[in-house]
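Spelled out, the chains give:
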Amino acid sequence: MYGGLVRANIELYTGIDNVVELTLDDGTSTVKLEGGTFTAVFKRHVDDRTPVLTATLSITGDMAVLTLTAEQMKAVGRIPSHGALLYYDIVQEVDGQTNGIAFGRAYVMGGAR
């Protein structure tokens, strides 16, 4: 079931494990998702076809939990002192069909260590 496209900006940090919880609410109703595989794809530019990072999500009702390990975050490369900007899409693949679920900006900052 697909109820709308959610826009949500998030923050990520290099050098540590990141766990980000997103409430999937499209502004008019809560998006509840069932079945299929959910993937978050991070890109340097909105129209890039090759992702910098890819992560699998766990979905519970209207909550998406994204987990990126410190090891995965190394793919972003060196982060300038002011941070870096990535763009992400969350998609659901079910029965051979791909549905857009959420998108936004991911602000990447240097880690706590």
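All values derive from a computational prediction rather than experimental measurement. (Residues numbered from 1 in each chain as written. Predicted model: local features only at pLDDT ≥ 70, side-chain atom pairs only at ≥ 80, totals over all residues. Heavy atoms only, no water.)

1. Some remarks on the nonpolar core
1) Next: Counting residues in each nonpolar core, the largest one holds 27 residues, and the members touching the most others are Ile10, Leu12, Leu22, Phe42 and Leu66.
2) Next: At the level of elements, β2 (10-13), β3 (18-23), β4 (37-43), β5 (53-60), β6 (63-68), β7 (84-94) and β8 (97-109) are the ones that each hand at least two residues to this core.
3) Next: Of all the elements, β8 adds the most residues to this core, at four residues.
4) Next: Excluding residues within four positions of it along the chain, isoleucine 10 makes contact with Val20, Leu22, Phe42, Leu66, Tyr88, Arg105, Ala106 and Tyr107. (Core = buried A, V, L, I, M, F, W, Y, C linked by side-chain atoms within 4.5 Å. Buried < 20%, exposed > 50% of the residue type's maximum accessible area, 1.4 Å probe, protein only. Helix = DSSP H or I, 4+ residues; strand = E, 2+ residues; numbered from the N terminus. Contact = heavy atoms within 4.5 Å.)

2. Here's the deal with the pattern of salt bridges
Oppositely charged side chains are able to pair whenever their charged atoms sit close together.
1) Next: Counted under the stated rule, the structure contains two salt bridges.
2) Next: Measuring nitrogen to oxygen at the nearest pair gives 2.6 Å for the salt bridge that ties lysine 43 to aspartate 89. Of this pair, lysine 43 sits in strand β4 while aspartate 89 is found in strand β7, placing the two residues 46 residues apart along the sequence.
3) Next: Taking relative accessible area as the criterion, lysine 43 reaches 8% and is therefore assigned buried.
4) Next: On the basis of relative accessibility, which here comes to 26%, the residue aspartate 89 falls in the partly exposed class.
5) Next: With a closest N to O distance of 3.2 Å, glutamate 71 and lysine 74 form a salt bridge. Neither residue differs from the other here; glutamate 71 and lysine 74 are each classed as exposed. (Salt bridge = Lys/Arg side-chain N within 4 Å of Asp/Glu carboxyl O.)

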